[in-house]
Structure formats: structure tokens, C-alpha cells
Amino acid sequence: MNYSDSLKYIWWGIGACGSGTMSQTLQLDFDLKCNNSRNTRGIPEGKEDYTLIVNVRNPYTWELSSYLDLVNGPEEKWQDGMFEQYLYEGGNETIINQVDLWEERMPDYFIRCEDMYSEILKIPNLANHKPPRSWNNIKDRLSNPAYRGKNSKARKPISEDILSAYWTKDLVKKYSGRYEELFKITGYNTDSWKTGIHWDGWEPLK
């Protein structure tokens, strides 16, 4: 599990949510100790009162990214143009199951991967810490996540145009209900598939 004793927080990464870049940043600048894979969860014994921080992503882009990873990967089942079939067969269960995983312990803070730098500034354990590297360095690193997967095409940022090309009005009507609680808890905008605005007040980093 991943935690910091000096800053008293536990961090859970989740696949396709910027967890690779976030893990590296937390280890370099915020005293994170990674005892296993970055995408692990759990509360270490004796650290139950630590702040729990979890990486998340807009359910629409998260689901689409998971699909494109399969399209561009070794999985022969999925080809581009089958997004609706992918959703019909259940999509990425990890996304849908997140809320159930939080029932026992709701995270204290979420790091929404679309603007990880601004998100960590909302977390006192991190924002009040003096990192060994400059905050400008941290901002640059978090604003330009390094996707190191083999499938470079699948790892390109999902723009508003790409999002609305896959998530049509009909698909949103059919399938967005499965993410309803996730939208509510994490504050993502349910109209973001067409507006490109992930949450109220969100603006692309410049």
C-alpha cells in the first residue's frame, strides 16, 4: 500500500487516471512510500486516521480511454467502431465498482486527473508541505503526464472532439446511469461528453 508517515496520508492510484505520473510526483516530492503496485488500495494497520486521497477521472473519458487501450492493444476482440458493443457488454468494471469500494471508507480528497496540480493544492497535507523540488516543477510535471504505455495511440489525450465522437446522445441516455453515483461523489459534469467542461469552474491548463 502507498502512504506517507510524515505527511499522514494514504494514496490509492487507479489505472488510466494519471496514477503513473501522480505516483512518481508523490514519491519525489511528498514522501510517498510505495510498498507495492501504485494501483493498490487498503488502509495500513495503525494508519486509520490518515487522510485518504484517491485518483479519479471523468467517467466518460475513463471509459473511452479503457476502450481505446483495448482497441490498440493485443486484445483482438475489440476493433474501433465497437464502442457501443463494448458498453453493452459492461465496459470497464473497475470504473463501475469504485463507489462500492469506497463504501467502507470514503476518500477524504479526490485528485481529478484532468488538473492534478490544482487538485493537490486543495489537500492541506500536500499544499502545506515544502517539497524538495519547486512547485513550478511539480506543476509542469502534473500538467504533462508521461504516458509510458506501449500503445502510444491509445495514450493520447482525449479531446472534446474525440469524446463527443464516441459518446453520442443515445449512448449517454442508455449508459450514463451506471456512473450516476460516481458523477455525484466526484463532482464531474454529466454533460461533459458534449461540452468538454469536466466540472463547474474547470478550465484547461495553459
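The structure this text deals with has already been given above.
Now for a description of the structure that goes with this document. As the structure is a prediction and not an experimental result, all values here were calculated from the model.

**A word on the state of the cysteines**
No. 1: The tally for this structure, following the rule as stated, stands at 0 disulfides.
No. 2: Cysteine 17 takes part in no disulfide bond, and the closest cysteine sulfur to it belongs to cysteine 113, at a distance of 5.5 Å.
No. 3: On the basis of relative accessible area, cysteine 17 is assigned to the buried category, the value being 0%.
No. 4: Judged by relative accessible area, which is 14%, cysteine 113 ranks as buried.

**Topic: the packing of aromatic side chains**
No. 1: Applying the stated criterion to the full structure yields 15 aromatic pairs.
No. 2: Centre to centre, the rings of tyrosine 117 and tryptophan 135 are 6.3 Å apart; their planes meet at 70 degrees, and the pair counts as edge-to-face. With tyrosine 117 in helix α5 (residues 116–120) and tryptophan 135 in helix α7 (residues 135–143), the pair connects residues that are 18 residues apart, well separated along the chain.
No. 3: Given the relative accessible area of 12%, tyrosine 117 is considered buried.
No. 4: Ring geometry for tyrosine 188 and tryptophan 199: centres 5.7 Å apart, planes at 70 degrees, overall edge-to-face. Taken as a pair, tyrosine 188 in the loop between α10 (180–186) and α11 (192–195) and tryptophan 199 in the segment after α11 lie far apart in primary sequence, 11 residues in all. In terms of burial, tyrosine 188 and tryptophan 199 fall into one category: buried.
No. 5: Each residue in the set Tyr60, Tyr67, Trp78, Phe83, Tyr86, Tyr166, Trp167, Tyr179 and Phe183 is aromatic and connected to the rest through ring pairs, giving one cluster.

**A short note on the pattern of salt bridges**
No. 1: Scanning all chains against the criterion turns up 9 salt bridges.
No. 2: A salt bridge links aspartate 29 to arginine 141, with the shortest nitrogen-to-oxygen separation between them at 3.1 Å. Taken together, the residues aspartate 29 in helix α1 (residues 19–29) and arginine 141 in helix α7 connect sequence positions 112 residues apart.
No. 3: For aspartate 29, a relative accessible area of 1% corresponds to the buried category.
No. 4: Arginine 112 is the partner of glutamate 119 in a salt bridge, and the nearest nitrogen-oxygen pair spans 2.9 Å. As far as burial versus exposure is concerned, glutamate 119 and arginine 112 are alike and both buried.

**Structural notes on the sheet that holds strand β2 (residues 9–12)**
No. 1: Within the open sheet, the 5 strands sit side by side as β3-β1-β2-β4-β5. Their pairing is mixed. Looking at which strands have only one partner, the edges of the open sheet turn out to be β3 (33–34) and β5 (109–112).
No. 2: Bridge count for strand β4 (residues 51–56) against β5 is 4 bridges, and the pairing is parallel. Each bridged residue has a counterpart across the sheet, and for asparagine 55 the counterpart in β5 is isoleucine 111.
No. 3: Of the strands in this sheet, β2, β3, β4 and β5 are in contact with α1, which crosses β2 at around 155 degrees.

Cut-offs and rules
Residues numbered from 1 in each chain as written. Predicted model: local features only at pLDDT ≥ 70, side-chain atom pairs only at ≥ 80, totals over all residues. Heavy atoms only, no water. Disulfide = S-S within 2.5 Å. Buried < 20%, exposed > 50% of the residue type's maximum accessible area, 1.4 Å probe, protein only. Phe/Tyr/Trp six-rings, centres within 6.5 Å; stacked < 30°, edge-to-face > 60°. Helix = DSSP H or I, 4+ residues; strand = E, 2+ residues; numbered from the N terminus. Salt bridge = Lys/Arg side-chain N within 4 Å of Asp/Glu carboxyl O. Pairing = 2+ DSSP bridges. Contact = heavy atoms within 4.5 Å. Axes fitted to C-alpha atoms, helices over the stretch in contact; angles between N-to-C directions.

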